[in-house]
Amino acid sequence: MKKKKYIIKLTDEQKEKLNALIDKGIHSAREIKRAKVLLLAEQDKKDNEVAQIVGYTEQQVQNIRKRFFCEGLESTLKEKPRPGAPIKLDRRAEEIASAIACSNPPGGHSCWTMQMIADKLVELKYVSDITDETVRFRLKKKK
């Protein structure tokens with residue numbers, strides 16, 4: 001059996017904080033699960049036991065241990081920012097898309113489709129490429 005690399009030792013203050021976080025239930029499910037992992041790990045439970053109790057994998061439990069050891073309690077409980085994809089439509093392009101949607105449709109059409117708006121934005125060089133779904137989502141969000 002391999003020896004644990006990151007041993008969890010919580011102060012009384014940290015334990016109180018984690019128990020309060022779990023009891024209140026106003027935090028995200030991930031924060032509550034991480035708090036449970038830390039409390040169980042501090043009780044010298046094996047990673048596979050903790051994982052089974054909380055519903056995580058052993059690797060997730062090990063990652064939480066490591067993060068607590070290296071970064072501290074607050075960093076362990078909170079989500080790290082996720083970069084996501086860059087925004088395709090800036091504010092100006094959204095305004096243009098909205099103006100296009102409100103204008104008269106091209107000949108032979110009764111209304112603008114999302115694909116037609118996307119094509120028009122590319123034609124006018126506001127974006128290099130864009131999908132009709134992105135246009136739909138951004139216009140819906142603008143309402």
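Structure shown above.
Residues numbered from 1 in each chain as written. Predicted model: local features only at pLDDT ≥ 70, side-chain atom pairs only at ≥ 80, totals over all residues. Heavy atoms only, no water.

**Digging into the pattern of salt bridges**
Part 1 of the reasoning: Counted according to the given criterion, the structure contains 13 salt bridges.
Part 2 of the reasoning: Residues E94 and R138 are paired through a salt bridge, measuring 2.6 Å at the closest nitrogen-oxygen approach. Highlighted residues: E94 in helix 6 (residues 91–102) and R138 in helix 8 (residues 132–142), separated in sequence by 44 residues.
Part 3 of the reasoning: Several salt bridges share partner residues, and in doing so they unite R30, R34, E79 and R82 into one network. (Salt bridge = Lys/Arg side-chain N within 4 Å of Asp/Glu carboxyl O. Helix = DSSP H or I, 4+ residues; strand = E, 2+ residues; numbered from the N terminus.)

**Observations concerning unusual backbone geometry**
Part 1 of the reasoning: Phi is positive for D44, close to 65°, though the residue is something other than glycine.
Part 2 of the reasoning: Note that D44 resides in the loop between helix 2 (29–42) and helix 3 (47–54).
Part 3 of the reasoning: Assessed through its relative accessible area of 57%, D44 is described here as exposed.
Part 4 of the reasoning: Of note in the backbone geometry, K125 takes a positive phi value of approximately 65° without being a glycine.
Part 5 of the reasoning: What makes K125 exposed here is its relative accessible area of 72%. (Buried < 20%, exposed > 50% of the residue type's maximum accessible area, 1.4 Å probe, protein only.)

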